[in-house]
Amino acid sequence: MRYKILLPQEIMQEGREYLESRGYELITGSGMEEDDIIRDIPDCDGIIVRLSKMSARVFEAASKLKVVARHGAGYDTVDLQAARRHGVTVLNAPLANSMSVAELAIFFMLHCSRNFTLVRQTMLEDYYHAKLRTPKVELDGKTLGLIGFGNIGSRVALKALHGFNMKVIAYDPYKTAEQMPEGVELTQDFNRIFKESDFVSLHCPATEETFDFIGEKEFSLMKPTAYFINTARGKLVDEKALYHALSTSRIAGAGLDVLKKEPFDPADPIFALSNVVIAPHIGAATQEATDRASLHSAIGIDEVLSG
Ligand code: NAD
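Worth saying up front: this structure is predicted, and the values here are computed from it rather than measured.

Undergrad: Kindly report on the packing of aromatic side chains, identifying the contributing residues and their values.
TA: Applying the stated criterion across every chain, the model contains nine aromatic pairs. With a centroid separation of 6.2 Å and 20° between ring planes, the pair formed by Tyr-3 and Tyr-24 is classed as stacked. Placement of Tyr-3 in the segment before β1 (4-7) and of Tyr-24 in the loop between α1 (13-21) and β2 (25-28) is noted, with a sequence separation of 21 residues between them. On the basis of relative accessibility, which here comes to 24%, the residue Tyr-3 falls in the partly exposed class. Taken together, a centroid distance of 5.2 Å and an interplanar angle of 85° make the contact between Phe-219 and Phe-228 edge-to-face. The burial state of Phe-219 is the same as that of Phe-228; both residues are buried.

Below, the structure written as structure tokens:
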């Protein structure tokens, strides 16, 4: 019997070939919405999910399902309790996109350091103002404070240390000083990250514990010259407090790959600010990360189904 694997969204060739060469039948889904998956899944043994949500309703319709592979890091689109109730294994591809997200965090730091949103907005109208009178700084010698020191945070740290000669401090309650690479100082003092850093960058998961855990107090501790970078999740940040900190120049600026509402609300006033750079959740969207995610999720599916 050939196992059937549902693909609500297409995956990369590497992943397809891996599964097809091992005899799996790949089913192209009729869509990526919940109802589409409910229609397509009853006959399937596995599924690779990219943006689709695996809700309790989907698990109820999936009587043959044995494995869900998330095409990337995190499990936040999968109802893990429902998966457990139905005896379905859930896996992800945690390392597939770490490098790409780390590079985006560095990109945001460089973008902010040259005040590039403002420079870009004003350079045609007033060339010399954009060139000479918008404040700009180097990364060299500045302090980077990381919240979360896992796959992505640790990669950002090494790039900042060795590529830009930055000082790196990290807050991660689940790590020990022995786990830090040379040059990175682990602190258990959350506030210190905000007080001392020139760039604060988030790299921890969105959980009940971390929902809105960066808010008014944290922004008030930051230096007015400091930048806030979020390539992790919108849920981590109280966005009203962030908007207030940015619009009153309480902090110098921000680089954001994620907001709470995605796709974005064009009416969100944050888009009008000239000290912010915002991207539509592209941290993992490189060719390399997508290829790796497809292959890693295909390997995971095969490991579960081939026993
Ligand atoms: P990871 O699991 O490897 O690392 C997360 C780290 O956060 C761990 O070391 C953990 O100990 C730490 N942590 C947990 N709770 C914490 C807390 N309360 N305070 C500080 N640290 C805490 O995860 P990762 O792959 O490095 O991903 C980090 C974040 O990046 C996640 O939010 C993930 O969803 C996000 N992400 C974003 C994109 C994107 O496209 N922008 C892509 C992949 C991952």
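Undergrad: Any details on the pairing of strand β4 (residues 67-70)? Residues and values, ideally.
TA: On β4, burial covers both faces: Val-67 and Ala-69 on one face and Val-68 and Arg-70 on the other are all buried. Pairing of strand β3 (residues 46-49) with β4, which is carried by four bridges, proceeds in the parallel orientation. Each bridged residue has a counterpart across the sheet, and for Val-49 the counterpart in β4 is Arg-70. A crossover links β3 with its parallel partner β4, the connecting element being helix α3 (residues 56-61), and its sense is right-handed. The sheet contact formed by β4 and strand β5 (residues 89-91) spans three bridges and is parallel. Residue pairing for β5: Val-67 is matched across the bridge by Thr-89. Regarding the hand of the β-α-β motif, the stretch spanning β4, helix α4 (residues 80-85) and β5 is right-handed.

Rules of the game
Residues numbered from 1 in each chain as written. Predicted model: local features only at pLDDT ≥ 70, side-chain atom pairs only at ≥ 80, totals over all residues. Heavy atoms only, no water. Phe/Tyr/Trp six-rings, centres within 6.5 Å; stacked < 30°, edge-to-face > 60°. Helix = DSSP H or I, 4+ residues; strand = E, 2+ residues; numbered from the N terminus. Buried < 20%, exposed > 50% of the residue type's maximum accessible area, 1.4 Å probe, protein only. Pairing = 2+ DSSP bridges. Right-handed = clockwise from strand over helix to strand, strands pointing away.

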